[in-house]
There are 2 protein chains.
Amino acid sequence: MDKIRNMEEFAAVSGISRPTVSKYFNDPGSVRASTRRKIEDALERFDYRPNVFAMNQNRRLTKNIGIVVPYLADPFFAEIARNLERRCIDAGFSPTLFSSHGQTELETDILETLRSLKPAGVLLAPLGRSSDRRAVEAFCRDVPTVLFDSKIDGVGEAFIGSDNFQSVPMIVDYLCRTGEPPCFFEMQPVNPNANKRREAYIHAMEALGHVPDVIRVDGETWDFEEIGYAGGLNILKTGRLSTNTVLCSNDRLAIGVLAAAYATGAEVGHGEDKTLRIAGHDDHPFARFTCPPLTTVSQDYDAISNRSVETLFRLIGEGRESVAGTEMLFEGKLVMRASA
Amino acid sequence: MDKIRNMEEFAAVSGISRPTVSKYFNDPGSVRASTRRKIEDALERFDYRPNVFAMNQNRRLTKNIGIVVPYLADPFFAEIARNLERRCIDAGFSPTLFSSHGQTELETDILETLRSLKPAGVLLAPLGRSSDRRAVEAFCRDVPTVLFDSKIDGVGEAFIGSDNFQSVPMIVDYLCRTGEPPCFFEMQPVNPNANKRREAYIHAMEALGHVPDVIRVDGETWDFEEIGYAGGLNILKTGRLSTNTVLCSNDRLAIGVLAAAYATGAEVGHGEDKTLRIAGHDDHPFARFTCPPLTTVSQDYDAISNRSVETLFRLIGEGRESVAGTEMLFEGKLVMRASA
DNA sequence: ACCAAAAATTTACGCGCGTAAAATTATGGA
DNA sequence: TCCATAATTTTACGCGCGTAAATTTTTGGT
């Protein structure tokens, strides 16, 4: 049998009218069972697939979903992206993955590209502080968008993230209970999470009657490990540290600080013979494999990605009112390993 | 001024006929300079963008390029992908990124999706051993495809990768020169690189008059660190090791072995007081930040990605003959750090 | 200034499908 | 058996653009 060239021909061989076939591809459940069987029979015999471009040209809304992360070379985002992708596919959508690679203009370009893809919805983890706020805002007005990981106030229909004001005090408590109160090691904040974590640290310390000590090191790129390493070397060599316990703003920084500690000969861990405790935040996929393994707070990847797609689907299906201003924060869990 | 709805209207306000405008968007250089200026003037005043779907519907070939990597949670592939993306964009193409997430069916699905995107070309790093060979082969027959990183014999118009038969002997030589001859630590090979590296190791050892010792541990997933860790614990605890030097098939495995070494209290490095040397292969983005920093062989990311896109562009522009059977292997460089 | 060739532009048509409205047929319950 | 309702089909149109063919304009050499 020769190839099916278009829906017209496919409708012919399946004995169904073209508009009904069209309806089937739009939503297989919307046609009668007998009709569906006929179509699916023909589908097996002829392997026809509708032309994607023709399909989307006249649809008010496509089945496309955009997934945008700030930095894909971070396995954390790679994992989340995988999760999101799968769920979108399972729900019959076509996800497309974009990474801003830490660059403002790239993020803006991506949103522009995305707009022209007429997506049904977008899952956006913005760069944060270096996002072009106006551009993101305008985009979210036109396209149903769920923000995750990093919030921009007043932008997007909903936000899903983790509760820094729960997670940070938890690990601060732990560290204070088991040793010297921690200082807080951070870089220039790239997003609101960084700021919230610092604030949460300060509050937690004060609540426990300790004096907060925030150490900020230079660095504005997304090479967090490098920044942590350089900054770590700096504070370790200059004796800047007033405590033997360092709580890092995130795991990638902590990995850099660990490397710096190793370079300076510090013994990291919580044993008698150790001289330095280092903790992180996020439970990064590689945190289990550092030396020593990194004590940290886990973010609930699954919960965040599940809820994000759920919220987006609701937004797509039921409109803006159904999610209006949803803000869902998930709690972290303390992950005790050898480093602190 | 109200919004431009289509190319017709835009052609009107720019004082040029629609087909000429179409030609401009297809290739700005193909219209007279005076015409181009008129269009670009109008472009600034009205910010119109052609409808992507309508554009691609009737084009024999779109400007789309597919980029497929086997596992995006590996920062190595994330880095390469970023590089490839950028170069495609700069050349006026629209790259779309896909990750097979280590799953055969997903890779096959991606190729199917890609086919319907009518891409001008595809940059494909296949899963390798677990790829559906028939599916990949059929795809490459229909779509101009450049394979990179991992080769499948007889598939694709060209292959760009790194020269394992240069890089592995180099690090074997180094290790033999500076200490005990290494054993070779590997998992079930997921792709041809793994096999080539083992072979290269065996040859190199024999050439130097040593007895090769290949240690293969269980594991078929893409969680290399975990496999390296579990396998590492195993061999370290059972005293399976006949040498104090372990050359790992890749850096991610090595990171796992490093963690296992730490867990068992081994002192890793090449000093007098050290008991174990560990080396890897690839110069993974995180290899600099392990404790101790990982001695390894760098893959030339830039060269591989540059050459891959160059080859693809030639393939697209000049046809299959122009690249026929190109196989380009880049040499690695020894990266000496503290671990070996 | 003139003319043939090359380049640019216009004319004309159709791609493959979505979708609205109207007409027809199938369904299932009383 | 009949009827209200849902499902399907028919009819008809157009989306926004690519592109071959026809036409016009520009170019450059004499």
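Just above, that's the structure.
Here goes a summary of the coordinates provided. (Residues numbered from 1 in each chain as written. Chains lettered and ligands numbered in written order. Predicted model: local features only at pLDDT ≥ 70, side-chain atom pairs only at ≥ 80, totals over all residues. Heavy atoms only, no water.)

## Section: the interface of chain A and chain B
We count it as follows: In what follows, residue pairs with any heavy atoms lying within 4.5 Å of each other are defined as contacts. Two parts placed together each lose some accessible area under a 1.4 Å probe, and adding up what both lose gives the buried area. The term salt bridge refers to a side-chain nitrogen of Lys or Arg lying within 4 Å of a carboxyl oxygen of Asp or Glu.
Each side of the interface is counted separately: chain A has 44 residues, and chain B has 44 residues. Summing the contributions of chain A and of chain B, the shared interface buries around 3,900 Å²; its carbon and sulfur component is 63%. Between chain A and chain B we count 2 salt bridges in total. Among the ionic pairs, Arg 288 of chain A bridges to Glu 226 of chain B, the shortest N-O distance being 2.5 Å.

## Side note on helix α3 (residues 33-46) of chain B
All names here are of chain B. Filter applied, for reference: Only runs of H or I of at least four residues qualify as helices and only runs of E of at least two qualify as strands under DSSP, and these elements are numbered from the N terminus. By this rule the span expected of a helix is its residue count minus one, scaled by 1.5 Å. The cut-offs for exposure are 20% and 50% of the maximum accessible area for each residue type, with area from a 1.4 Å probe on protein chains only; residues under the lower value are buried, those over the upper are exposed, and the others partly exposed. By arc we mean the arc of the directions from the helix axis to the C-beta atoms, nothing more.
Compared with an ideal rise of 1.5 Å per residue, which puts 14 residues at 20 Å, α3 spans 20 Å between its outermost C-alpha atoms and is within 8% of the ideal. Buried within α3 are the following residues: Thr 35, Ile 39, Ala 42 and Phe 46. For α3, the angular spread of the buried residues around the axis is 65°, confining them to a single face. Opposite the packed face of α3, turned more than 90 degrees from it, sit the exposed residues Arg 37 and Glu 44. Once α3 finishes, Asp 47 follows within two positions and takes phi at roughly 30°, a positive value.

## Regarding unusual backbone geometry
All names here are of chain A. Cis geometry marks the peptide bond from Cys 291 to Pro 292, where omega comes out at -5°. Assignment of secondary structure puts Pro 292 in the loop between β9 (277-279) and β10 (296-298). One non-glycine residue, Asp 282, lies in the positive phi region at around 130°. Structurally, Asp 282 can be placed in the loop between β9 and β10.

## Focus on the state of the cysteines
How we decide: Only a pair of cysteine sulfur atoms within 2.5 Å qualifies as a disulfide here.
In total, this model carries 0 disulfides over all chains according to the counting rule given. Residue Cys 176 of chain B stays outside any disulfide, its sulfur separated by 11 Å from that of Cys 183 of chain B, the closest cysteine. Given a relative accessible area of 17%, Cys 176 of chain B falls into the buried group. For the unlinked cysteine Cys 291 of chain B, the closest cysteine sulfur is that of Cys 291 of chain A, found at 6.2 Å.

## A few points about the pairing of strand β6 (residues 183-187) of chain B
Both faces of the sheet carry side chains from a regular strand, because those side chains alternate between them. Residues and elements named next belong to chain B. Defined as follows: For two strands to pair, DSSP has to find at least two bridges joining them.
In terms of residue burial, β6 counts as a mostly covered element, since 5 of its 5 residues are buried. Side chains Cys 183, Phe 185 and Met 187 project from β6 onto one buried face, and the interleaved Phe 184 and Glu 186 project onto a second face that is buried too. Pairing of β6 with strand β8 (residues 245-248) involves 3 bridges; the strand directions are parallel. From the neighbouring strand, Phe 185 faces β8, where its bridge partner is Cys 248.

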